[in-house]
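Architecture at a glance
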Protein chains: 2
Amino acid sequence: MTESPFETDGCRPAPRNCAPDSRVVAARLAALSHPARIEIIKHLSASNSCCCREVVDRFDLAQSTVSQHLKILVEAGLVRFEPDRQRSRYAVDHAALADVSASVAALVNSCCSGR
Amino acid sequence: MTESPFETDGCRPAPRNCAPDSRVVAARLAALSHPARIEIIKHLSASNSCCCREVVDRFDLAQSTVSQHLKILVEAGLVRFEPDRQRSRYAVDHAALADVSASVAALVNSCCSGR
DNA sequence: ATCGTTTATCGCCGATGGACGATGACCGAA
DNA sequence: TTCGGTCATCGTCCATCGGCGATAAACGAT
């Protein structure tokens, strides 16, 4: 794979007149909308950075499943990936995470300001 | 149908050692993780309250599809529903929305504080 | 070279999501 | 009552998700 999670699309299908913004926000929230991935994010953050195996040990999920969740998080740009010898180091991208938080806050604000 | 989306569960499946919190947050984010629903939330908020038809006119989605999206938002507690004659009035629950925002912010904070 | 470990990917499967059209209920107006 | 508009629900279809085991690649150590 090349890189950016949003190069072309990678978002859910949306009706015609949806702001592109909504698609991006939705895609990021989708990455966060699974309990296992939320826990993985927490775990990564607490450990600063982890390899896949550490996460597998923590949760009782198959290694392939964890790898898949990690991939989804990386593709959403919420987690950074760096190969390290035969390991893979995964670390939370705090800026991206903060950005998601800001996006949600902005949505909520836009909803309240319009009243 | 009987009732509340969370009576027993209504959340996504989660590995054993997921904080119950994560399931609740994930469920709410799931409701927000679709571009159409985000746009619907914005529209509801801008109009203060809408009936289903108004939303259908705004987006080119079938009435049944919009109704389904609204149902999901209501079940997630993000939108309030009130029957009004033969119409249905839908309005954003700003408190609930703010709560979601707070949940995400808390997640992000917990990730940053642990460093 | 061989083994053990770690990882990503593949294929499969059941379940869910998202879209639609059709239908029937409800209600106001004619 | 009948008609038109609004709505929720049902059934269907297709795509995606989420889980798993199996496999192969990569690499360090023996």
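Residues numbered from 1 in each chain as written. Chains lettered and ligands numbered in written order. Predicted model: local features only at pLDDT ≥ 70, side-chain atom pairs only at ≥ 80, totals over all residues. Heavy atoms only, no water.

**Some details on the overall build of chain A**
What counts, and what does not: Secondary structure elements are taken from DSSP: a helix is a run of H or I of four residues or more, a strand is a run of E of two residues or more, and numbering for both begins at the N terminus. Whether a residue is buried, partly exposed or exposed follows from its accessible area with a 1.4 Å probe, protein chains only, as a fraction of its type maximum: under 20%, in between, or over 50%, in that order. The contact definition used throughout considers only heavy atoms, calling two residues in contact when any of these lie within 4.5 Å. Only the protein chains shown count as covering a residue, and every accessible area follows the Shrake-Rupley method with a 1.4 Å probe.
Helix and strand content of chain A: 5 helices and 2 strands. Along its sequence from the N terminus, chain A presents helices and strands in the succession α-α-α-α-β-β-α. Expressed as a percentage of its 115 residues, the buried residues of chain A come to 44%. Here the contacts in chain A between residues at least 6 apart in sequence split such that 49% fall between residues at least 24 apart. Within the structure as shown, chain A displays about 5900 Å² of accessible surface, and the carbon and sulfur contribution to it stands at 48%.

**Structural notes on unusual backbone geometry**
Residues other than glycine predominantly adopt negative phi, and peptide bonds predominantly adopt the trans conformation. Located in the positive-phi region is Asn 48 of chain A, a residue other than glycine, with phi close to 75°. Checked against the element boundaries, Asn 48 of chain A lands in the loop between α2 (35-46) and α3 (52-58). One non-glycine residue, Arg 85 of chain B, lies in the positive phi region at around 60°. On the secondary structure map, Arg 85 of chain B appears in the loop between β1 (79-84) and β2 (87-92). Classification of Arg 85 of chain B as exposed rests on a relative accessible area of 79%.

**Things to note about the pairing of β2 of chain B**
All names here are of chain B. This is how it is decided: DSSP-based pairing: two strands are paired if at least 2 bridges between them are found.
Here β1 runs beside β2; their pairing, made up of 6 bridges, is antiparallel. Across the sheet, the residue bridging to Phe 81 is Tyr 90, located in β2. Connecting β1 to the antiparallel partner β2 that follows it, the hairpin turn spans 2 residues, and Arg 85 within it adopts a positive phi of roughly 60°.

**A closer look at helix α2 (residues 35-46) of chain B**
In an α-helix, one turn spans 3.6 residues; hence positions three or four apart end up facing the same way. Residue and element names in this part refer to chain B. Quick reminder of the rule: Given a helix with a known number of residues, its expected span is that number minus one, times 1.5 Å.
Over its 12 residues, α2 extends 17 Å from the first C-alpha to the last, a length consistent with the 16 Å expected when each residue adds 1.5 Å. Counting buried positions over the 12 residues of α2 gives 10, a clear majority of the element. Those residues of α2 lying buried are Pro 35, Ala 36, Arg 37, Ile 38, Glu 39, Ile 40, Ile 41, His 43, Leu 44 and Ser 45. Just downstream of α2, Asn 48 is the residue with a positive phi angle, here 75°.

**Points about the environment of Ala 27 of chain A**
Position of Ala 27 of chain A among the secondary structure elements: in helix α1 (residues 20-32). The exposure class assigned to Ala 27 of chain A is buried, which follows from its relative accessible area of 13%.

**Some words on the packing of aromatic side chains**
Residues and elements named next belong to chain A. We count it as follows: Working definition: rings of Phe, Tyr and Trp (its six-membered ring) pair if their centres are within 6.5 Å, and the pair is stacked with planes under 30 degrees apart, edge-to-face with planes over 60 apart, and tilted otherwise.
As enumerated under the stated definition, the model contains 2 aromatic pairs over all chains in all. For the pair Phe 81 and Tyr 90, a centre-to-centre distance of 5.4 Å together with 45° between the ring planes defines the contact as tilted. The partly exposed category is assigned to Phe 81, whose relative accessible area is 43%.

**So, the packing of helix α5 (residues 94-113) of chain A against α2 of chain B**
The condition that has to hold: Lines fitted to the C-alpha atoms define the axes, with helices restricted to the stretch that makes contact. Angles between their N-to-C directions range from 0 to 180 degrees. With respect to orientation, any angle under 35 degrees is reported as roughly parallel, any angle over 145 as roughly antiparallel, any angle of 65 to 115 as roughly perpendicular, and every other angle as oblique. For any helix crossing, the convention is left-handed if the near helix is rotated counterclockwise from the far helix by under a right angle, and right-handed if that rotation is clockwise. Classification used: nonpolar for Ala, Val, Leu, Ile, Met, Phe, Trp, Tyr, Cys and Pro, charged for Asp, Glu, Lys and Arg, polar for all others including Gly.
Packing of α5 of chain A against α2 of chain B leaves a shortest axis separation of 8 Å and a crossing angle of 25°. The orientation of α5 of chain A with respect to α2 of chain B, classified from their angle, is roughly parallel. As for the relative orientation of α5 of chain A and α2 of chain B, their crossing is right-handed in sense. Within the contact between the two elements, α5 of chain A uses Leu 107, Ser 110, Cys 111 and Cys 112 of chain A and α2 of chain B uses Ile 38, Ile 41, Lys 42 and Ser 45 of chain B. Here the contact of α5 of chain A with α2 of chain B is composed, by residue class, of 5 nonpolar, 2 polar and 1 charged.

**Details of the pattern of salt bridges**
All names here are of chain A. In plain terms, the rule: Here, a salt bridge means any side-chain nitrogen of Lys or Arg that lies within 4 Å of a carboxyl oxygen of Asp or Glu.
Considering all chains together, one arrives at 10 salt bridges over all chains under this definition. Taking the shortest distance from any N to any O, the salt bridge between Arg 28 and Asp 99 comes out at 2.8 Å. With a gap of 71 residues between them, Arg 28 in helix α1 and Asp 99 in helix α5 connect regions that are remote in the sequence. Given the relative accessible area of 15%, Arg 28 is considered buried. When its relative accessible area of 36% is taken as the criterion, Asp 99 is described as partly exposed.

**Observations regarding the packing of α2 of chain A against helix α4 (residues 63-75) of chain A**
Residues and elements named next belong to chain A. One can describe the packing of α2 onto α4 by two numbers: an axis separation of 10 Å at closest approach and a directional angle of 80°. Judged by the inter-axis angle, α2 sits roughly perpendicular to α4. Touching Ala 36, Arg 37, Ile 40, Ile 41 and Leu 44 of α2 are His 69, Leu 70, Ile 72 and Leu 73, all from α4. Looking at the contact of α2 with α4, its residues break down into 7 nonpolar, 1 polar and 1 charged.

Just distances and angles here, no functional claims.
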